[in-house]
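Summary of structural features
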Amino acid sequence: MIKSKFKFWVFLPIILLFLTTILLQQIVYNIFTPTEYETPIFIYFLLIILAYVWIWIFCGELRTKAVVVEIDEKILYQRNYLGFGTIKIFELSDFDEFITCQLPSRGGTYEYLYLIKNGKKEVKLSEFYHRNYIQLKHRITKTIKYSGNQPFSMLTEIKEIFV
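The structure displayed is predicted, hence computed values, not measured ones.

1. Some details on helix 3 (residues 133–141)
The set of residues buried in helix 3 consists of Y133, L136, R139 and I140. Burial along helix 3 is one-sided: seen end-on, the buried residues are contained in an arc of 130°. Those residues of helix 3 that are exposed and aimed more than 90 degrees away from the buried face are I134 and H138. Summarising the contacts, the buried residues of helix 3 are in contact with strand 1 (2–3), strand 2 (68–71), strand 5 (97–105), strand 6 (108–117) and strand 7 (120–126).

Given below as structure tokens:
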């Protein structure tokens with residue numbers, strides 16, 4: 001059985017989520033605390049941006065990418081939210097294919113692997129978050145058909161946060 005292992009980078013979204021939560025709490029408190037001054041409009045824009053960042057980290061990064069995966073001969077187990085979420089169990093034979101995507105960043109380019117079942121991305125593995133990504137990918141290629149590389153799309157990434 002192969003179990004995913006996290007890289008150090010997994011702490012970045014956790015720290016960012018914590019800081020964003022504190023800032024959101026302070027902004028909401030300041031908006032709803034009565035004062036003699038009117039709240040500047042940019043504070044409301046800041047609130048919207050921080051709320052989006054919070055949702056992106058919590059629902060996008062921690063729910064779908066910072067996952068713990070265990071793969072044995074026929075079964076894949078997945079837990080989201082750094083392994084603290086609910087467990088999903090998949091038969092490897094249930095997956096139709098897997099695709100990869102290159103995600104550009106300041107530190108380089110990271111590969112993401114998507115396991116597809118019935119046309120939907122069910123499991124995402126990340127070279128950014130998983131220290132043993134190559135080992136996991138190698139195990140998957142033994143069982144599941146590779147369908148190529150998909151171009152990166154920020155719009156698709158944003159849409160998948162809510163799906």
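Next, the rest of the story.
2. Side note on the packing of aromatic side chains
In total, this model carries nine aromatic pairs according to the counting rule given. When the centroid spacing of 6.1 Å and the interplanar angle of 20° are considered together, the rings of W9 and F128 count as stacked. With W9 in the loop between strand 1 and helix 1 (11–32) and F128 in the loop between strand 7 and helix 3, this pair connects stretches of sequence that are 119 residues apart. F128 sits in the buried class, given a relative accessible area of 18%. Connected via pairs of aromatic rings, a cluster forms that spans F8, W9, F11, Y110, F128 and Y129. Lying across the ring of Y114, K121 places its NZ or CZ 4.0 Å from the centre.

3. Brief notes about helix 2 (residues 41–65)
With 25 residues, helix 2 should reach 36 Å at 1.5 Å per residue; the first-to-last C-alpha distance of 34 Å fits that figure. Its axis deflected by about 25° at I57, helix 2 carries its strongest bend there.

4. Observations concerning unusual backbone geometry
Not every positive phi belongs to a glycine, and Y81 is a case in point at roughly 50°. Within the element layout of this structure, Y81 appears in the loop between strand 3 (75–79) and strand 4 (87–91). Y81 sits in the partly exposed class, given a relative accessible area of 23%. Here the phi dihedral of L82 falls at roughly 65°; this positive angle occurs in a residue that is not glycine.

5. Quick look at the packing of helix 1 against helix 2
Helices that pack against each other are described as a pair by the angle of their axes relative to one another and the distance between those axes. At a minimum axis distance of 9 Å, the contact between helix 1 and helix 2 shows a crossing angle of 150°. Here helix 1 is positioned roughly antiparallel relative to helix 2, judged by the angle of their axes. In terms of crossing hand, the pair formed by helix 1 and helix 2 is left-handed. Across the interface between the two elements, P13, L16, L17, T20, T21, L23, L24, I27, V28 and I31 from helix 1 touch I43, Y44, L46, L47, L50, A51, V53, W54, I57, F58 and L62 from helix 2. Split by residue class, the contact of helix 1 with helix 2 holds 19 nonpolar, two polar and no charged.

6. Regarding the pairing of strand 7
Across the seven residues of strand 7, six count as buried, placing the element largely inside the fold. The sheet contact formed by strand 6 and strand 7 spans six bridges and is antiparallel. If you follow I116 over to strand 7, its bridge partner there is K121. Hairpin connection between strand 6 and strand 7: a loop of two residues separates the two successive antiparallel strands, and N118 in this loop has a positive phi of roughly 55°.

Reading guide: rules and limits
Residues numbered from 1 in each chain as written. Predicted model: local features only at pLDDT ≥ 70, side-chain atom pairs only at ≥ 80, totals over all residues. Heavy atoms only, no water. Buried < 20%, exposed > 50% of the residue type's maximum accessible area, 1.4 Å probe, protein only. Helix = DSSP H or I, 4+ residues; strand = E, 2+ residues; numbered from the N terminus. Arc of directions from axis to C-beta. Contact = heavy atoms within 4.5 Å. Phe/Tyr/Trp six-rings, centres within 6.5 Å; stacked < 30°, edge-to-face > 60°. Lys NZ or Arg CZ within 6 Å of the ring centre and 35° of its normal. Expected span 1.5 Å × (residues − 1). Bend = angle between axes of the 7 residues up to and from the residue. Axes fitted to C-alpha atoms, helices over the stretch in contact; angles between N-to-C directions. Parallel < 35°, antiparallel > 145°, perpendicular 65-115°, else oblique. Left-handed = near helix turned anticlockwise from the far one by under 90°. Nonpolar A, V, L, I, M, F, W, Y, C, P; charged D, E, K, R; others polar. Pairing = 2+ DSSP bridges.

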